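Structural characterization, general
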Amino acid sequence: MNEILNLQPQCIWRNFYALTQVPRPSGHLEKIQQFLLQFAKDAGVEAFLDPAGNVVMRKPASPGMEKRKGVILQAHMDMVPQKTPESKHNFETDPIEPWIDGEWVKARGTTLGADDGLGVAAIMSVMEDKTLRHGPIDALITADEETGMYGANDLPEGELQGDILLNLDSETWGKFVIGSAGGIDVIASMGYKEVETDPDDAAVKITVKGLRGGHSGLEINEGRANANKLMVQVVRQAIEETDARLATWHGGNMRNAIPFKAETVLTVPKENLGLLKELCQDWLDTFCQEFKQIETNGIELLCEDVDLPKMQVPQEIQDNLVDAIYACHDGVVRMIPAYPDVVETSSNLAIIDIADGQAQIQILARSSREDMKWYVTRTLESCFSMAGMKVVTEGSYGGWDPNPDSEILKLLLREYKEMFGSEGIQQVDHAGLECSVILGKYPHLDVVSLGPTLRSPHTTTERALWSTAEPFWQLLKKTLEDIPVKK
């Protein structure tokens, strides 16, 4: 029996453990969809799969609670599939292996999937509990949130029945989120005709790894290193000082994760091979000094001899690509003037793939202001257009404007203080939440997001503070019991 099954509340951890045994990486959700539909059937609640791939469950009001406002509990079913370099895990077939490390629940070698598995587990617990007193409840478990909020974006209008939306995808217990940033994917691409390498050259693979990575919304302001931005400094100097040429580049693998690893293959005249390796050592020393207070895992920069590839990027194309990557903004653009501790606008240079005559670069831009979202988007478009790349945007979603006068917020804050003796905190997040998209289709909803404490989602150090699940569950139950009557 897995040790997390002994944690409290057992209903949450039992359901969460069941979720870890079902593969559910973004883009591969058939197994989790069928699991959730079977769960609902066994629990005796109505459920269906909507045209967007979302699972919707409906639980009628408890006797005597029929006139209460309807509540929609919302979470997303997919998880970010990240694993350590030595892990052999297959996210499409293998279960996650959760374990307890002191006060944290972690996973062995992979992301844990507590983002947003704990939210889904809470919904499951509500749906199966016959002792709860509550008004009518809908559950919306969305598809592919992590790759573009596709389930929320394609949510049919008129499908949900409720007045209040409780999003269960926040990541700090005691903080109640009432606003979040919008976002957009900026994708630059180009084709090129490869040229033959000089057969007298040598080749090296340069690898930047050991970085912390992280959530590109929640942790973009922590100054964590971006593997692609470190790599471009090495590559540019290698080109300038050792006559190196770029053959391939692969960095990052998730649009909403700060990249923790990047690899390039360079060719170089054999007489300059030693100089290139010295250059790499110098950059490693620089990076370790620059990030010594932040990248505590230990930055690695490896320069390894490899077989000479047959083809490489043409010099003019190479120079334009490297210049654009160097110039591309990464990190915080500015903070919210009214909330100076919260990021307003940022960009994450997430994925670079250059090989076999194709180059593609993907950036996720975020902002809680629509005008600033488009400002940073145009900045990125200009940067890569000057390199001769075609730039397109995808998956745009707006921000969620705070409503500090929210009735459900006031209820949650009152219940929190009465139950735990301290004041809850209202918060605006830079992370994108589906609330903004759902509000676009259901503008009448009164919305708050909450959840137990998670840290480092989207990374292999993702962890859940298990002690916060119990008070989260107690607050959720008490709030459902005290939802006001419809006026």
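1. Describing the overall build of the chain
A count of helical and extended segments in the chain gives 11 helices and 25 strands. For 487 residues, the compact-globule estimate of 2.2 N^0.38 gives 23 Å, and the chain sits close to it at 24 Å. For the chain, the proportion of its 487 residues judged to be buried stands at 58%. In the chain, of all internal contacts separated by at least 6 residues, the share reaching a separation of at least 24 is 79%. Of the roughly 19,400 Å² of accessible surface on the chain, a fraction of 48% belongs to carbon and sulfur atoms. Taking the average place of the 46 positive charges on the side chains of the chain and the average place of its 74 negative ones, the gap between the two points comes to 6 Å.

2. Some words on helix H8 (residues 370-385)
The end-to-end C-alpha distance of H8, which contains 16 residues, comes to 22 Å, matching closely the 22 Å that a straight helix rising 1.5 Å per residue would cover. All buried positions along H8 are accounted for by Met 372, Lys 373, Val 376, Thr 377, Leu 380, Glu 381, Cys 383 and Phe 384. For H8, the secondary structure elements touched by its buried residues are strand E9 (182-191), helix H7 (315-327), strand E18 (331-336), strand E19 (339-355), strand E20 (358-367) and strand E21 (390-397).

3. Quick notes on empty space enclosed by the protein
Taken as a whole, this structure holds 3 cavities of 30 Å³ or more when the rule is applied. Space inside the largest cavity adds up to approximately 170 Å³. Contributing to the lining of the largest cavity are 20 residues, with Glu 145, Glu 146, His 215, Ala 431 and Gly 432 lying nearest its centre.

4. Regarding the packing of aromatic side chains
Counted by the stated rule, this structure contains 6 aromatic pairs. Ring centres 5.9 Å apart and planes at 90° place the aromatic pair Trp 13 and Phe 16 in the edge-to-face group. You can see Trp 13 and its partner Phe 16 sitting in helix H1 (residues 10-20), 3 residues apart, about one turn around the helix. Put simply, the rings of Trp 173, Phe 176, Tyr 416 and Phe 420 pair up and form one aromatic cluster. A cation sits over an aromatic face here: Arg 236 above Tyr 326, 5.0 Å from the ring centre.

5. Quick notes on the pattern of salt bridges
Across all of its chains, the model carries 20 salt bridges by this definition. Measuring nitrogen to oxygen at the nearest pair gives 3.2 Å for the salt bridge that ties Arg 236 to Glu 240. Linking Arg 236 with Glu 240, this pair stays in helix H5 (residues 227-242), spanning 4 residues, or about one helical turn. The shortest N-O distance in the salt bridge between Lys 417 and Glu 423 comes to 2.7 Å. Residues participating in the shared-partner salt-bridge network are Glu 46, Arg 58 and Asp 138.

6. Observations regarding the pairing of strand E3 (residues 71-76)
A large share of E3 lies buried, amounting to 6 of its 6 residues. Neither face of E3 is exposed, since Val 71, Leu 73 and Ala 75 on one face and Ile 72, Gln 74 and His 76 on the opposite face are all buried. Bridge analysis of E3 against strand E6 (residues 137-142) gives 6 bridges, and the strand direction is parallel. Residue Leu 73 lies in a different strand from E6, and its bridge partner there is Ala 139.

7. A few points about the packing of H5 against helix H6 (residues 273-290)
Viewed as axis vectors pointing N to C, H5 and H6 meet at an angle of 145°, and their least axial separation amounts to 10 Å. By crossing handedness, the relation of H5 to H6 is classed as right-handed. Counting all contacts with H5, which are made through Leu 230, Gln 233, Val 234, Gln 237, Ala 238, Glu 241 and Thr 242, the residues of H6 involved are Leu 275, Leu 276, Leu 279, Cys 280, Trp 283 and Phe 287. For the contact of H5 with H6, the residue count by class is 9 nonpolar, 3 polar and 1 charged.

8. Quick word on the layout of surface pockets
The calculated volume of the largest pocket comes to roughly 480 Å³. Together, 26 residues line the largest pocket, and Thr 172, Lys 175, Leu 218, Gln 427 and Asp 429 are the ones closest to its centre. For the lining of the largest pocket, the secondary-structure elements that each account for two or more residues are strand E8 (175-180), E19, strand E22 (425-429) and strand E24 (454-455). Per-class residue counts for the lining of the largest pocket are 8 nonpolar, 8 polar and 10 charged.

9. Remarks on the packing of helix H2 (residues 30-43) against helix H3 (residues 114-128)
Following both chains from N to C, one finds H2 and H3 inclined at 20°, their axes separated by 9 Å at the closest point. What the angle tells us is that H2 and H3 run roughly parallel. Of the two possible hands of crossing, H2 and H3 adopt the one that is right-handed. Residue-level inspection shows Phe 35, Leu 36, Phe 39 and Ala 43 of H2 in contact with H3, the latter providing Val 120, Met 124, Met 127 and Glu 128. Taken together, the residues of the contact of H2 with H3 break down into 7 nonpolar, no polar and 1 charged.

10. Some points on the side chain of His 76
Structurally, His 76 is set in strand E3. The class for His 76 is buried, based on a relative accessible area of 0%. A polar atom in the side chain of His 76 sits 3.0 Å from the backbone oxygen of Asp 78. A distance of 3.5 Å separates the side chain of His 76 from the side chain of Asp 169, its partner in a polar contact. With near-sequence residues (within four places) excluded, His 76 lies in contact with Asp 115, Asp 116, Val 120, Ile 141, Thr 142, Glu 145, Glu 146, Asp 169 and Glu 434.

11. Let's talk about the environment of Glu 241
With respect to the helices, strands and loops of the structure, Glu 241 is situated in helix H5. For Glu 241, a relative accessible area of 45% puts it in the partly exposed group. When the C-alpha positions of Glu 241 and Val 80 are compared, they lie 39 Å apart, and in sequence the two are 161 residues distant. Those residues in contact with Glu 241 that lie beyond four places of it in its chain are Leu 275 and Leu 279.

12. A word on the sheet that holds strand E4 (residues 98-101)
Here we have 4 strands laid out as an open sheet, ordered E4-E5-E25-E24, and antiparallel in their pairing. The open sheet terminates on both sides in strands that have one partner only, identified here as E4 and E24. Bridge analysis of E24 against strand E25 (residues 463-465) gives 2 bridges, and the strand direction is antiparallel. Pairing of Arg 455 across the sheet is with Arg 463, part of E25.

Basis of the calculations
- Residues numbered from 1 in each chain as written.
- Predicted model: local features only at pLDDT ≥ 70, side-chain atom pairs only at ≥ 80, totals over all residues.
- Heavy atoms only, no water.
- Helix = DSSP H or I, 4+ residues; strand = E, 2+ residues; numbered from the N terminus.
- Rg over C-alpha atoms; globule rule 2.2 N^0.38 Å.
- Buried < 20%, exposed > 50% of the residue type's maximum accessible area, 1.4 Å probe, protein only.
- Contact = heavy atoms within 4.5 Å.
- Areas by Shrake-Rupley, 256 points an atom, 1.4 Å probe, with all protein chains shown as cover.
- Lys, Arg positive; Asp, Glu negative; His and termini not counted.
- Charge placed at Lys NZ, Arg CZ, Asp CG, Glu CD.
- Expected span 1.5 Å × (residues − 1).
- 1 Å grid on protein atoms, 1.4 Å probe; cavity = no way out; pocket = protein on both sides within 12 Å on 5 of 7 lines; lining within 4 Å.
- Points joined across faces, edges and corners; volume = space filled by probe spheres on them.
- Phe/Tyr/Trp six-rings, centres within 6.5 Å; stacked < 30°, edge-to-face > 60°.
- Lys NZ or Arg CZ within 6 Å of the ring centre and 35° of its normal.
- Salt bridge = Lys/Arg side-chain N within 4 Å of Asp/Glu carboxyl O.
- Pairing = 2+ DSSP bridges.
- Axes fitted to C-alpha atoms, helices over the stretch in contact; angles between N-to-C directions.
- Left-handed = near helix turned anticlockwise from the far one by under 90°.
- Nonpolar A, V, L, I, M, F, W, Y, C, P; charged D, E, K, R; others polar.
- Parallel < 35°, antiparallel > 145°, perpendicular 65-115°, else oblique.
- Polar contact = N/O pair within 3.5 Å; in protein donor to acceptor, adjacent residues only side chain to side chain.

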